[in-house]
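# Breakdown of the fold
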Amino acid sequence: MAHKLLPAGALLTAALPLIGHSAELDISITNLTHGNHFTPVLIAAHGADVHLFQSGEMATAALQKMAEGGAIDELVTQVEGAGGATVQNPAAGLMAAGSSVSGVLMNSGSQTHLSLVAMVLPTNDAFIGLDAWPIPTEAGTYTLYLNAYDAGTEANDEIINGAGAPGQPGIPAAPGGNGGSNGNGTGVADGSGNDKVHIHPGVLGDTDPNGGTSDLDSRIHRWLNPVARVVVTVK
Amino acid sequence: MNTLPMKTSLLALALLGLGACSDSDNMAPIEPPPPPQVAMQSFEVTVTNLTANQPMSPLALISHDDNVKLWQIGESASVALEQVAEAGNSSGFDSLSGVNAVVRGAGMLPPGMSETLMLTLEEDKVDALSLLTMLVNTNDGFSGINAMDIDSMEKGSAKTLTLMAYDAGTEANSEAKGSIPGPADGGEGFNAARDDVNRVHVHPGVISQDDGLTGSVLNASHRFDNPVLKVTVRRTE
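Per an unreviewed UniProt entry, chain B carries the name Spondin domain-containing protein and comes from Shewanella jiangmenensis.

Within an unreviewed UniProt entry, the label attached to chain A reads Spondin domain-containing protein, and the organism entered is Shewanella jiangmenensis.

So this is what it looks like as structure tokens:
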């Protein structure tokens, strides 16, 4: 919107990166939730026509694999196959609630857009998502708040049973060790018919780790958006 | 603005000098220049409570140096912030180093209502602006602005923000009787004990008795989602 206010000369300057811009990015990520973990994060720089996901569209098989089990390998293959650049697992493992990783350096090369995903645990198929954010051509520090999305690929039964492979019902793990175990809950009936990527409705949980409907704890595992903060410094 | 009186006095000296050439006996005594007038800037801040049933504690609008942060996500809350988040008491920021003005709302800001606060500062004090208020039907939920840059705002310009609710992380969200100071309970405000994660984070929302939290004094109407406040900051002078 602000570009409309720029004089013609500024538009010319903004167009220059299209013919050979290279941006050095310094990225930090913070988990804003009360009690959820993020699986290894994927950061991708790519062209305008590449998306790891799009809300309102069906998840790709590669996205489903990430959202249900945290595996980013197929998304990496897709991005790099399209000539994009990636940073994989910058926090060297899970990101606990409240934790940050900073100083993540990335050369976006000739790529114009930035995306970021990671699975939220413990959930069936929730992920944090940034979809094709146009990398600013003006040096500066930009703060982005990310929502939690539902991949729309798995019913949110809230049963922790170790299942992380695509198509398997259930939740791989509660890394904080604060969920019910081995499916003690009877399971939440997920009546959602939305099989497209959408804003996650949040988890229900209950307060009984040894029973109830859910293996999640409503006092620990609920969230409201945003769930992650990403600060990108364009040098 | 400060250069204007100086130029005037230089001009006066020059005129006096000319006068001295023609008649040095009648030279008037030199008047001391008037003290330079301090330029002021004024800001009008309008806050709207967007929640269903979470009154906000009296707003605290805080002007401060931009190296002051009233909270940091992922870090433990200061006692001053804990007082806001648990009891709606913002007085702990009055004496904080780097704070140069605090303007408070007239009282609780009920759901659906708006309040406009006025802040006038000497120009060289204009730097960062923060806002704090408690969602009073929570254990330790608060909202606000954290060090917004107002130094670069042009006269007549305005910025509108929507704000999320934070959890101070200083008191467990038990929602239990006697633990919430707002009208849903009338319970305890500040308690120095810290029995939660002890880091500021985005509030996960309240559960309520209607959604299965046994012993909660809250009902479905006390649930909220982000954003919880709408704020417009306008520089008027």
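Time to look at the environment of S221 of chain B. Residue and element names in this part refer to chain B. Within the fold, S221 resides in the loop between strand 9 (201-202) and strand 10 (229-235). What makes S221 partly exposed here is its relative accessible area of 30%. In this structure the C-alpha to C-alpha distance between S221 and Q54, which are 167 residues apart in sequence, comes to 8.6 Å. In this structure, S221 is in contact with A52 and N53, ignoring residues within four places of it in sequence. Side-chain polar atoms of S221 contact the side chain of N53, separated by 2.8 Å.

All names here are of chain A. Those residues of helix 2 (residues 61-69) that fall on the buried side of the exposure criterion are A62, L63, Q64, M66, A67 and E68. Where helix 2 is buried, its residues meet helix 3 (73-81), strand 6 (113-121) and strand 7 (126-134). Directly beyond the C-terminal end of helix 2, a positive phi value near 85 degrees is found at G70.

Take the environment of H201 of chain B next. Among the structural elements, H201 of chain B can be located in strand 9. H201 of chain B sits 126 residues away from E75 of chain B along the chain, and the two C-alpha atoms are 8.5 Å apart. Leave out the neighbours within four places in its chain, and H201 of chain B touches L32, T33 and H34 of chain A together with Y166, D167 and G169 of chain B. Of the polar contacts made by the side chain of H201 of chain B, one reaches the backbone oxygen of R199 of chain B; its length is 2.9 Å.

Residue and element names in this part refer to chain B. If you walk across this open sheet you meet the four strands as 4-1-10-7, and the pairing is antiparallel. Looking at which strands have only one partner, the edges of the open sheet turn out to be strand 4 (114-122) and strand 7 (158-163). In this sheet, adjacent strand axes meet at a mean angle of 20 degrees when their direction is disregarded. Here strand 1 (residues 40-49) pairs with strand 4 via nine bridges, running antiparallel. Following the sheet pairing, V45 is matched in strand 4 by L117.

All right, on to the pattern of salt bridges then. As enumerated under the stated definition, the model contains 11 salt bridges over all chains in all. With a closest N to O distance of 3.9 Å, R234 of chain B and E44 of chain B form a salt bridge. Of this pair, R234 of chain B sits in strand 10 while E44 of chain B sits in strand 1, and the two are 190 residues apart along the sequence. On the basis of relative accessibility, which here comes to 35%, the residue R234 of chain B falls in the partly exposed class. As a salt-bridge pair, R223 of chain B and D211 of chain B come within 3.1 Å of each other at their nearest N and O atoms. Residue R223 of chain B is found in the loop between strand 9 and strand 10, and its partner D211 of chain B is found in the loop between strand 9 and strand 10; the two are separated by 12 residues along the sequence. Through salt bridges that share partners, K65, D73 and E74 of chain A make up one connected network.

Attention now goes to the sheet that holds strand 5 (residues 128-134) of chain B. Pairing is antiparallel in the open sheet, where six strands are placed in the order 3-2-5-6-8-9 (chain B). Pairing within the sheet leaves two strands with one partner each, and these edge strands are strand 3 (99-104) and strand 9 of chain B.

Residues and elements named next belong to chain A. Packing of helix 2 against helix 3 leaves a shortest axis separation of 7 Å and a crossing angle of 145 degrees. Seen from above, helix 2 lies across helix 3 with left-handed handedness. Listed contacts from helix 3 to A61, A62, L63, K65 and M66 of helix 2 are D73, E74, L75 and Q78. Here the contact of helix 2 with helix 3 is built from residues that sort into five nonpolar, one polar and three charged.

Before going further, it helps to spend a moment on helix 3 of chain A. Residue and element names in this part refer to chain A. What helix 3 keeps buried is the set L75, V76 and V79. Along the axis of helix 3, the buried residues cluster in a sector spanning 100 degrees; they form a single face. Away from its buried face by more than 90 degrees, helix 3 exposes T77 and G81. Where helix 3 terminates, the next one or two residues include G83, which has phi positive at roughly 85 degrees.

What counts as what
Residues numbered from 1 in each chain as written. Chains lettered and ligands numbered in written order. Predicted model: local features only at pLDDT ≥ 70, side-chain atom pairs only at ≥ 80, totals over all residues. Heavy atoms only, no water. Helix = DSSP H or I, 4+ residues; strand = E, 2+ residues; numbered from the N terminus. Buried < 20%, exposed > 50% of the residue type's maximum accessible area, 1.4 Å probe, protein only. Contact = heavy atoms within 4.5 Å. Polar contact = N/O pair within 3.5 Å; in protein donor to acceptor, adjacent residues only side chain to side chain. Pairing = 2+ DSSP bridges. Axes fitted to C-alpha atoms, helices over the stretch in contact; angles between N-to-C directions. Salt bridge = Lys/Arg side-chain N within 4 Å of Asp/Glu carboxyl O. Left-handed = near helix turned anticlockwise from the far one by under 90°. Nonpolar A, V, L, I, M, F, W, Y, C, P; charged D, E, K, R; others polar. Arc of directions from axis to C-beta.

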